[in-house]
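# Architecture at a glance
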Amino acid sequence: MDEEMITACEEDGTPIGIATREEIHKKGLWHETFHCWIVEIEDGTPYIHLQLRSPDKKDFPDLLDISAAGHILAHESIMDGVREIEEELGIEVKFEELISLGIIKDQLTLQTFKDNERCHVYLYKTVRDLDETYRFQKEEVAGMFKFNFQDFADLCIGAKERIDSAGELAAAKTPSKRSVALADFVPHGKPYLEQVVRGIQKELGGNKGNLFDR
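The paragraphs below set out a description of the structure included in this document. (Residues numbered from 1 in each chain as written. Predicted model: local features only at pLDDT ≥ 70, side-chain atom pairs only at ≥ 80, totals over all residues. Heavy atoms only, no water.)

### Re the pattern of salt bridges
- Across all of its chains, the model carries twelve salt bridges by this definition.
- Between Glu 11 and Lys 105 there is a salt bridge whose closest N-O contact spans 3.2 Å. Taken together, the residues Glu 11 in the loop between strand S1 (5-9) and strand S2 (15-20) and Lys 105 in strand S7 (residues 99-110) connect sequence positions 94 residues apart.
- Classification of Glu 11 by relative accessible area gives partly exposed; the value is 39%.
- Residue classification places Lys 105 among the partly exposed residues on the basis of a relative accessible area of 38%.
- Between Glu 84 and Arg 83 there is a salt bridge, and its shortest N-O distance comes to 2.9 Å.
- Overlapping salt bridges bring together Glu 76, Arg 83, Glu 84 and Glu 87 as one network. (Salt bridge = Lys/Arg side-chain N within 4 Å of Asp/Glu carboxyl O. Helix = DSSP H or I, 4+ residues; strand = E, 2+ residues; numbered from the N terminus. Buried < 20%, exposed > 50% of the residue type's maximum accessible area, 1.4 Å probe, protein only.)

Rendered as C-alpha cells:
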C-alpha cells in the first residue's frame, strides 16, 4: 500500500510542501483534515452518532470519535474529503448535503505523536434511519453509538462527567449501550470540542437554550 502524501502548511493554511503522514505527525506539521459529525433527528430529538474506532487502528484504538474523518491528501480538494463518509461508514452523502461549521484547529500531543490539524468541519443533519444502512470499513470502524446531543454537549463542556448512549447502531448482535466519560474518546482539545458543539447547536436552532450559559 502506497504511503499517504499530505500537504503540510502554516497555521494559517499557507502550503509549505508535501510530506508523508508519518513525517507530518512526527514533526507536528500543520495539515488539512475533513471532519463530519452526523446528527440524526428522531421524533424531534437530535442524536449524535459517534464512531468506535477499530481495535486494529495504530492511533487511538477502541476509542469513540467523530462520525467520519480523515486526512486531505496532497492531490485532493477539501470537497474530496466527503469520500471518508462512504469509505468508513458505507453510506453515500453528497458534499452539497453537508453544513459547514468552518475551520476549527485541533492539536493533540502525545509522546511520539504531534498532530496539528486545520479541521474542515461539517455537519450532516438527517432524518434518515441509518441503523440498517451503515456498512463499516472493518479496518477503521468497530461500530457506531448514538448519544443524545444535549448529553454529548454537556460532557464536552464539563457539565457532566459521564453520559449513557442511546444504543449501538448496525450492531451484529444484540445492540448494547455504553456509559462513557471523556476518557473514552479520542483526546481532542477542549476548544475544538466546544466550538463543534456550539456550531452544531446553532445549526439545530439553538434548542434548549445556550449550552454555554450554564
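### A look at the nonpolar core
- Ranked by internal contacts, the top residues of the largest apolar core, which has 29 residues, are Trp 37, Ile 48, Phe 152, Tyr 192 and Ile 200.
- In terms of residue count, the dominant contributor to this core is helix H3 (residues 149-157) (six residues).
- One finds Leu 89, Ile 91, Val 93 and Tyr 124 within the second-largest nonpolar core, a separate group that totals 20 residues. (Core = buried A, V, L, I, M, F, W, Y, C linked by side-chain atoms within 4.5 Å.)

### Considering the pairing of strand S8 (residues 113-126)
- Along S8, twelve of the 14 residues are buried, which leaves the element largely enclosed by surrounding structure.
- Pairing analysis gives eleven bridges linking strand S3 (residues 30-42) to S8, with the strands arranged parallel. Its bridge partner lying in S8, His 35 is registered against Val 121.
- Sheet topology places S7 next to S8; eleven bridges connect them, and they run antiparallel. Among the inter-strand pairings, Ser 100 is bridged to a residue of S8, identified as Tyr 122.
- If you look at the hairpin formed by S7 and S8, you'll find two residues sitting between the two strands. (Pairing = 2+ DSSP bridges.)

### Digging into helix H4 (residues 190-203)
- Given a rise of 1.5 Å per residue, 14 residues ought to cover 20 Å, and the 20 Å separating the end C-alpha atoms of H4 matches this to within 8%.
- Taken together, the buried positions of H4 are Tyr 192, Leu 193, Val 196, Val 197, Gly 199, Ile 200 and Gln 201.
- On its buried face, H4 sits against S3, strand S4 (45-53), S7, S8 and H3. (Expected span 1.5 Å × (residues − 1). Contact = heavy atoms within 4.5 Å.)

### As for the environment of Glu 32
- Mapped onto the elements, Glu 32 comes out in strand S3.
- Given a relative accessible area of 15%, Glu 32 falls into the buried group.
- The spatial distance from the C-alpha of Glu 32 to the C-alpha of Pro 15 is 10.0 Å, given a sequence separation of 17 residues.
- Here the side chain of Glu 32 touches His 120 through a polar contact of 2.5 Å, side chain to side chain. (Polar contact = N/O pair within 3.5 Å; in protein donor to acceptor, adjacent residues only side chain to side chain.)

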